[in-house]
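Tertiary structure, described
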Amino acid sequence: MYTVIGSARSRALRVLWMLEELGEPYDHVAAQPRSDDVVAVNPAGKVPVLIEDDTPITDSTAILQYLADKHGRLTHPAGTLDRARQDSLTQFLLDEFDAALWMAARHSFVLPEELRFSAIKDSLKWEFERSQKTLAARMADGPFLMGPEMTVPDIILTHCGIWAKSARFPVTEPRLAAYLERMQARPALRRAMAQGAAANA
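Residues numbered from 1 in each chain as written. Predicted model: local features only at pLDDT ≥ 70, side-chain atom pairs only at ≥ 80, totals over all residues. Heavy atoms only, no water.

1. Description of the overall build of the protein
Here is the rule: Going along the chain from the N terminus, every DSSP run of H or I of four or more residues is numbered as a helix, and every run of E of two or more is numbered as a strand. Values of the radius of gyration come from C-alpha atoms, whereas the globule rule sets the reference at 2.2 Å times the count of residues to the power 0.38. Classification of residues uses two cut-offs on accessible area relative to the type maximum, computed with a 1.4 Å probe and protein chains only: under 20% is buried, over 50% is exposed, and between them is partly exposed. Should any heavy atoms of two residues lie within 4.5 Å, those residues are considered in contact. The Shrake-Rupley method, run with a 1.4 Å probe, gives the accessible areas here. Residue values count only the displayed protein chains as cover.
Along the backbone of the protein there are eight helices and four strands. Along the protein, from the amino end to the carboxyl end, the secondary structure elements read β-α-β-α-β-β-α-α-α-α-α-α. Against the globule reference of 17 Å for 201 residues, the protein gives a C-alpha radius of gyration of 17 Å, in line with a compact fold. Principal axes of the C-alpha set define a box for the protein whose edges measure 45 × 40 × 30 Å. Across the 201 residues that make up the protein, the buried fraction comes to 46%. Contacts in the protein between residues at least 24 apart in sequence constitute 65% of all its contacts with a sequence separation of at least 6. As displayed, the protein has an accessible area near 10300 Å², and 53% of this comes from carbon and sulfur atoms.

Next comes the structure, spelled out in structure tokens:
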């Protein structure tokens, strides 16, 4: 049994969704960043944290890839060219999409008010739109990012799409918009979001 610590309004949603796709049972503790429950298992106070056999694993991408490798699903095998392409795509999404959204969040509500620069969001949105064009050129024919099989980058990108909508970062590439609509309809993601809503109720 896994335990996932972190609100579904955070990157913990990625982990909940992965476990739903895998059909693995889990407990969910909808703790907020820097809360006592989180600091007890991650001194940095960041979520998500996955607990297995009393061992905490931090960072959503590390957790996703660990689960994919362990269960042999939603990933290409290590040491293959397909895995190299998958890891390259993962890093691109973290650098170009996740990082822009996180920086915008930091300057919206994370940093102390005197250290926030709201004007930075305009440049971040410009970069976000430019990155969509690059991604569109890298997307396979589908239905998933790399082709016929869903992989870890699909979870990261779809979560970034959900995040972008709430942060008012426009999705301007039609292929990406259609992809996100398709992915957000997945039953496993809907179950994860419902689980998160119930935990926060």
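2. Some thoughts on the pairing of strand S2 (residues 26–29)
The test is simple: In this scheme, strands are said to pair when DSSP sees at least two bridges between them. Whether a crossover is right-handed depends on one test, that the path from the first strand over the helix to the second runs clockwise when the strands point away from the viewer.
Alternating residues of S2 divide into Tyr26 and His28, all buried, and Asp27 and Val29, none buried. Here four bridges tie strand S1 (residues 2–5) to S2, and the two strands are oriented parallel to one another. Each residue of the ladder has a partner; that of Tyr2, found in S2, is Tyr26. Between the parallel elements S1 and S2, the chain passes through helix H1 (residues 12–22) in a crossover that is right-handed.

3. Some details on the packing of aromatic side chains
Heads up, the condition is: Centre distance within 6.5 Å is the pairing criterion for rings of Phe, Tyr and Trp, where only the six-membered ring of Trp is used; planes under 30 degrees apart are then read as stacked, over 60 as edge-to-face, and the remainder as tilted.
The final tally for this structure, using the stated rule, is three aromatic pairs. Taking the centre distance of 5.2 Å and the plane angle of 75° together, the rings of Phe97 and Phe128 count as edge-to-face. Residue Phe97 is located in helix H4 (residues 81–110), and its partner Phe128 is located in helix H5 (residues 120–138); the two are separated by 31 residues in the primary sequence. Across the pair, Phe128 and Phe97 agree in class, each one buried. An angle of 85° between the planes, with centres 5.4 Å apart, marks the rings of Phe128 and Phe169 as edge-to-face.

4. So, the pairing of strand S4 (residues 55–58)
The pairing of strand S3 (residues 49–52) with S4 spans four bridges and is antiparallel. Its bridge partner being in S4, Leu50 is matched across the sheet by Ile57. Counting the residues between successive antiparallel strands, the hairpin from S3 to S4 contains two residues, one of them, Asp53, with a positive phi of roughly 50°.

5. Thoughts on the nonpolar core
Soluble, globular proteins show a tendency: their nonpolar side chains are buried together. Heads up, the condition is: Take the buried Ala, Val, Leu, Ile, Met, Phe, Trp, Tyr and Cys residues and link them wherever side-chain atoms come within 4.5 Å; each set so joined is a nonpolar core.
The biggest cluster of nonpolar side chains holds 51 residues, and the ones touching the most others in it are Met18, Leu67, Phe97 and Leu135. Only S1, H1, helix H3 (60–71), H4, H5, helix H6 (152–167), helix H7 (174–184) and helix H8 (187–200) provide two or more residues apiece to this core. Of all the elements, H4 adds the most residues to this core, at nine residues. In this view, Leu135 contacts Leu89, Phe92, Leu93, Phe97, Leu145, Leu157 and Leu176; residues no more than four positions away in its chain are not counted.

6. With respect to the packing of H6 against H7
Threshold: To get an axis, a line is fitted to the C-alpha atoms, and for a helix only the part in contact is used. The angle between two axes follows their N-to-C directions and goes from 0 to 180 degrees. What sets the label is the angle itself: under 35 degrees gives roughly parallel, over 145 gives roughly antiparallel, 65 to 115 gives roughly perpendicular, and the rest give oblique. The residue classification treats Ala, Val, Leu, Ile, Met, Phe, Trp, Tyr, Cys and Pro as nonpolar and Asp, Glu, Lys and Arg as charged. All others, Gly included, are polar.
It is the contact of H6 with H7, at a shortest axis distance of 10 Å, that shows an interaxial angle of 100°. Here H6 lies roughly perpendicular to H7, going by the angle between them. Along the contact surface, H6 presents Asp154, Leu157, Thr158, Gly161 and Ile162, while H7 presents Leu176, Tyr179, Leu180, Met183 and Gln184. The residue makeup of the contact of H6 with H7, split by class, is six nonpolar, three polar and one charged.

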